[in-house]
Protein chains: 2
Amino acid sequence: MNKSTIPQGTRDFGPETVRKRNHIFNIIRNIFELYGFQPLETPALENLETLMGKYGEEGDKLIFKILNNGLDNPAKYDQAKADFEKILEGKNVKGITERALKYDLTIPFARYVAMNYGQLSFPFKRYQIQPVWRADRPQKGRYREFYQCDADVVGSHSLLNDVELAYIYNDVFKKLLIPDFKLQINNRKILKGIMQVCGVEDLEKKIIVIIDKTDKIGIDGVIKELEKEKIDAEKLQKLISFYNFKTQTFLNEATIFFLKENLAGSDIGIKGVQEIENFFEMIKQSDVSDLTSKLHLDLTLARGLEYYTGIIFEAKAPEKVKIGSIGGGGRYDDLTGLFGVPGIPGVGISFGVDRIYDVMEELKLFPAEVHIGTQVLFFNLGEAESSYALRLMQDLRNQGIRCELYPEQVKLDKQFKYAEKRNIPYAVIIGSKELEEKNAVLKNLKTGEQQVLDKDKLLSIQY
Amino acid sequence: MNKSTIPQGTRDFGPETVRKRNHIFNIIRNIFELYGFQPLETPALENLETLMGKYGEEGDKLIFKILNNGLDNPAKYDQAKADFEKILEGKNVKGITERALKYDLTIPFARYVAMNYGQLSFPFKRYQIQPVWRADRPQKGRYREFYQCDADVVGSHSLLNDVELAYIYNDVFKKLLIPDFKLQINNRKILKGIMQVCGVEDLEKKIIVIIDKTDKIGIDGVIKELEKEKIDAEKLQKLISFYNFKTQTFLNEATIFFLKENLAGSDIGIKGVQEIENFFEMIKQSDVSDLTSKLHLDLTLARGLEYYTGIIFEAKAPEKVKIGSIGGGGRYDDLTGLFGVPGIPGVGISFGVDRIYDVMEELKLFPAEVHIGTQVLFFNLGEAESSYALRLMQDLRNQGIRCELYPEQVKLDKQFKYAEKRNIPYAVIIGSKELEEKNAVLKNLKTGEQQVLDKDKLLSIQY
């Protein structure tokens, strides 16, 4: 009996799913390249020490470690046992697991930039579309093996990069037919400024974690959680005043006025406001498409505890699908410091492909082509007919038409059923009569319509 | 200091390498699809038990096993220690390593077919282009993480499939501009027949291993090694007579006559000859391209100890590059028996992408496009100019032109140097004069030639 399974949290992708996923990947890849980003691929395996300590204590636990091969060496037996006991104690030790599976694309990218620092020309614009692995508990929409899609510009402080990345979101979602996405923007410097003017800098990390939940628990929930922290009443009220301030679809003068007035005491806060102001202004000036209408300044956007230090982005799916974030990113000051090369700033974005897939499935946005693999099935009516079919198919393929010959000479019924199951739209039937007259019957399997065509006509049809 | 490294036997692929590899992958993928093959992707991770025991004892040792996460559970401490000790003794135990990295694409494909048997329609034609991992000792041309490119038809005995796969080799290598490859053919049934008529069936495996070395040690070396085996002198001489028989470029009557006469005592041998005869005949009848001239019947072709039972293929690089095999495959009787679904025959081929890459590098066969990422660099001459550039670039991108703006306003020197290093062929320079007159200077960076163009002209250039 067949009892084969695949590991929890992993997936096989059959033909139609691969075609749908490639539709998404190809559009993202194409737009990245139109903006001057270059492809990079790093191995699935990294040295364990490259990854450990980069994702916080919780992250470390979710890294898949690979057992060294050749452990059955009696000379190293005792050391291996000692190493293993440390692992059982929850300690990280690379002795018997020197390698691990990559957990995200950012750290391997940082490792690559540090390793190749002398050879790269900056600004370095790279994109990377590859799988990553996390030993998370699998659940709906959360996998242990999944693709990330990142684009980063490093080695440049210019806001022009941030602006171009916002355009990339716009272009990708337009091409994917998800034009009614929202692009939420905030700036980590504004968040820092708010903490400063409210006098709660010591609680910054805690507060950011709470604010980050706005999406899930709403602004009222956030305020309730903030009230639980031991914050002085006056400070708390000031803090809440920021999160109660309703920002507008597009940055308007009232917002700028509010922020400038209320962040006056914080240099970094004011710098954040200026960056946002410049960012919006640059987009307003250059916008030939309709990015402006998608932008929302959202003071509650925090992007977790990540290493961001400037503008942060979050792309949201259309509200009707209730899927939430379909992409995010932001600006950071130091990509490679952890790898011994300090002072490389950058800005990056990523696309959440699994969620984008769900949005497109729900809204039926995949084009008809993704359902069609083979375009023409040649029926098998005998040896001489098949030999003729083989020759004809070579001509069709030279024209880019995807075709195949049913390999066995079986009842037509069975061949029709195969075409139907495979969703092949056309059949070519060559019997002894057609073989003799050097033509073929072309049948449209959707409409049932059929016509007798010579070779040239067969080659000129739009399949 | 930066001391980052990547694991031995793995590679980073920078922009140009990715473009070159994608050139190869895209051609292979496109041809597979023209022949009706459908894409399949299986996870990197498989359950350890899916893989163990499928690749022989040596293969088992080369499988990368993944340490379970959450081992720091005191309740399971003793069991984990016992499991680890078994690993130290060289035994396979899945207790603490339930998952492993896939070692090839065939076993995961077999597992997929077995798991989804009821849903698939047969014949099932799938292709798969994915990385695999092996804990082999790294050396020139041998990696621990590398891509395989496979296409298989399962659920059909028809030789038409074998013929179509031979055409795929021809089409792919033609498109890659490696038309002077050779396609060596043999049939496992002929090998079996030879063993039978020579009365050395008991030594079949040993002899196949020796014959398989013909490429490395030559026919004389093979004969020398055969002589070392304790084979009866008369039997040995008969065996050697087969391997001394010179086959012709294309199967001719003399070869068929020789084989039929000398394999007369073996039913399976004669069946193999008939299959080869039919195969060559079908290709001769249907060949509109020039596959016929590439085919070589080679009685020394054995394809190791794999599970093949019919026709076997090996594609060889042009002799001048001394790279040897760039692809191989064959027919088998039973893909999924090990997974509880017996009786599914098939035939498959694969391409050795790393070696094909080396052939193309050596013969300089990559097209010029692979060297070019961004086509046009917009120079940065100030804020207003950049804002105008941003707008212009959106128009260029809508026409499919890959362009980027240098993000910092620095000396032109530095911007030229960036274009040069990145191999960008064109620059657009917009100064205050051009901004005012709403035009731009387009400079061909190879020839130095430059012209002043308005927006429409800029959009109509062939970059």
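As shown above, the structure is provided for reference.
Residues numbered from 1 in each chain as written. Chains lettered and ligands numbered in written order. Predicted model: local features only at pLDDT ≥ 70, side-chain atom pairs only at ≥ 80, totals over all residues. Heavy atoms only, no water.

So, on to the pairing of strand S16 (residues 450-454) of chain B. Residues and elements named next belong to chain B. Relative to S16, strand S15 (residues 439-444) is paired through five bridges, and the arrangement is antiparallel. Bridge pairing in S16 places Leu442 opposite Gln451. Counted along the chain from S15 to the antiparallel partner S16, the turn is five residues long, and its residue Gly448 has a positive phi close to 85°. (Pairing = 2+ DSSP bridges. Helix = DSSP H or I, 4+ residues; strand = E, 2+ residues; numbered from the N terminus.)

All names here are of chain B. Spatial ordering of the open sheet is given by S1-S5-S6-S11-S10-S9-S7-S8, a layout of eight strands whose pairing is mixed. Only two strands of the sheet have a single neighbouring strand rather than two, namely strand S1 (38-39) and strand S8 (295-297). By the bridge criterion, six bridges tie strand S10 (residues 325-332) to strand S11 (residues 346-351) in an arrangement that is antiparallel. From the neighbouring strand, Gly330 faces S11, where its bridge partner is Gly348. Sheet strands touched by helix H7 (residues 188-198): strand S7 (182-187) and strand S9 (308-316). Its angle to S7, the strand with the most contacts, is close to 50°. Against the sheet, helix H12 (residues 267-286) contacts S7, S8 and S9, and its axis sits at roughly 145° relative to S7. (Contact = heavy atoms within 4.5 Å. Axes fitted to C-alpha atoms, helices over the stretch in contact; angles between N-to-C directions.)

So, about helix H6 (residues 159-175) of chain A. Residue and element names in this part refer to chain A. Here H6 contains 17 residues, and its C-alpha end-to-end distance of 25 Å stays within 8% of the 24 Å for a straight helix at 1.5 Å per residue. For H6, the buried fraction is high: 15 of the 17 residues fall into the buried class. Near the N-terminus of H6, the side chain that reaches the backbone nitrogen of Leu160, with its oxygen 3.0 Å away, is that of Ser158. Just beyond H6, the residue with positive phi is Leu177, at close to 70°. (Expected span 1.5 Å × (residues − 1). Buried < 20%, exposed > 50% of the residue type's maximum accessible area, 1.4 Å probe, protein only. Polar contact = N/O pair within 3.5 Å; in protein donor to acceptor, adjacent residues only side chain to side chain.)

Much of the literature gives interface size as the accessible area that the parts lose upon coming together. Every contact between the two is made by 105 residues of chain B and, on the other side, 104 residues of chain A. Between chain B and chain A, a total of about 9100 Å² is buried, with carbon and sulfur atoms accounting for 58% of that surface. Considering only the surface of chain B that becomes buried against chain A, Leu34(B), Glu41(B) and Leu88(B) emerge as the three largest contributors, covering 8% of it. In this assembly, chain B and chain A are joined by eight salt bridges. Across the salt bridge formed by Arg111(A) and Asp12(B), the nearest N and O atoms sit 2.6 Å from each other. Applying the counting rule to chain B against chain A returns 40 residue pairs in polar contact (both at pLDDT 80 or more). It is helix H14 (residues 383-398) of chain B that provides the largest number of residues to the side of chain B that touches chain A, a total of eight residues. Here the residues of the side of chain B that touches chain A sort into 47 nonpolar, 31 polar and 27 charged. (Buried area = accessible area lost by both parts, 1.4 Å probe. Salt bridge = Lys/Arg side-chain N within 4 Å of Asp/Glu carboxyl O. Nonpolar A, V, L, I, M, F, W, Y, C, P; charged D, E, K, R; others polar.)

Residue and element names in this part refer to chain A. Reading across from one edge, S13-S12-S14-S15-S16 is the order of the five strands in this open sheet, with mixed pairing throughout. Each edge of the open sheet carries a strand with a single partner, namely strand S13 (403-405) and strand S16 (450-454). Here the strands of the sheet are splayed against their neighbours by 25° on average, with no regard to which way each runs. Across four bridges, the pairing between strand S14 (residues 426-429) and strand S15 (residues 439-444) is antiparallel. Across the sheet, the residue bridging to Ala427 is Lys443, located in S15. Against the sheet, helix H14 (residues 383-398) engages strand S12 (376-378), S13 and S15, with an angle of about 170° to S13.

Both copies of the chain are related by one operation, a rotation about an axis with a shift along it. The two copies are related by a screw motion: chain B maps onto chain A through a turn of 180° and a shift of 0.0 Å along the axis, at an RMSD of 0.0 Å. Seen this way, the second copy is the image of the first under a two-fold rotation axis. For chain B, the residue whose C-alpha comes nearest the rotation axis is Ile66(B), separated from it by 2.2 Å. Take the interface residues of chain B: 99% of them recur as interface residues in chain A, which is what a same-surface contact looks like. (Least-squares fit on C-alpha atoms with pLDDT ≥ 70 in both.)

Packed helices, taken two at a time, are described by their axes: the angle between them and the distance between them. At a closest axis distance of 12 Å, the pairing of H6(A) and H14(B) adopts a crossing angle of 30°. Relative to H14(B), H6(A) is oriented roughly parallel. Handedness of the H6(A)/H14(B) crossing: right-handed. Counted together, Leu160(A), Val163(A), Glu164(A) and Tyr167(A) of H6(A) and Ser386(B), Leu390(B), Met393(B), Gln394(B) and Arg397(B) of H14(B) form the full contact between these two elements. Split by residue class, the contact of H6(A) with H14(B) holds five nonpolar, two polar and two charged. (Parallel < 35°, antiparallel > 145°, perpendicular 65-115°, else oblique. Left-handed = near helix turned anticlockwise from the far one by under 90°.)

All right, on to the environment of Thr106(A) then. All names here are of chain A. Turning to its location among the elements, Thr106 is positioned in helix H5 (residues 106-115). Sequence-wise, Thr106 and Ala151 are 45 residues apart; in three dimensions their C-alpha atoms are separated by 9.7 Å. Excluding anything up to four places from it in sequence, Thr106 contacts Asp150, Tyr307 and Leu335.

In terms of nonpolar packing, the biggest core is built from 101 residues, with Ile168(A), Phe173(A), Leu183(A), Phe279(A), Phe313(A), Phe351(A) and Phe378(B) touching the most fellow members. In terms of residue count, the dominant contributor to this core is H6(A) (10 residues). Apart from residues lying up to four places away in sequence, Leu183(A) is in contact with Ala166(A), Tyr169(A), Leu291(A), Lys294(A), Leu295(A), His296(A), Phe313(A), Glu314(A) and Ala315(A). Core analysis: the second largest hydrophobic core is formed by 100 residues, Val153(B), Val172(B), Ile178(B) and Ala317(B) among them. (Core = buried A, V, L, I, M, F, W, Y, C linked by side-chain atoms within 4.5 Å.)

Further remarks concern the side chain of Arg331(A). As for its placement among the helices and strands, Arg331(A) is situated in strand S10 (residues 325-332). Ignoring anything within four residues of it in the chain, the contact list for Arg331(A) reads Ser156(A), His157(A), Ser158(A), Asn161(A), Asp162(A), Tyr308(A), Thr309(A), Gly310(A), Ile311(A), Gly346(A) and Val347(A).

Now for H12(B). Between its terminal C-alpha atoms H12(B) stretches 29 Å, which fits the 28 Å expected from 20 residues at 1.5 Å a residue. What H12(B) keeps buried is the set Gly269(B), Gly272(B), Val273(B), Glu275(B), Ile276(B), Phe279(B), Phe280(B), Ile283(B) and Ser286(B).

Turning to unusual backbone geometry, a few remarks are in order. Between Phe122(A) and Pro123(A) the backbone carries a cis peptide bond, its omega angle lying at -5°. Turning to its location among the elements, Pro123(A) is positioned in the loop between H5 and strand S5 (124-133). Even without being a glycine, Leu177(A) presents a positive backbone phi close to 70°. The phi dihedral of Lys322(B) is positive, around 50°, even though this residue is not glycine. Relative to the helices and strands, Lys322(B) is located in the loop between S9 and S10.

A few words now on the packing of H6(A) against helix H12 (residues 267-286) of chain A. Residue and element names in this part refer to chain A. Contact geometry for H6 and H12: axes closest at 10 Å, N-to-C directions at 55°. Taken together, the axis directions place H6 and H12 in an arrangement best described as oblique. Read as a crossing pair, H6 and H12 show a hand that is right-handed. Across from Leu159, Leu160, Asp162, Val163, Ala166 and Tyr167 in H6, the residues of H12 making contact are Glu275, Asn278, Phe279, Met282, Ile283 and Ser286. Residues that form the contact of H6 with H12 fall into these classes: eight nonpolar, two polar and two charged.

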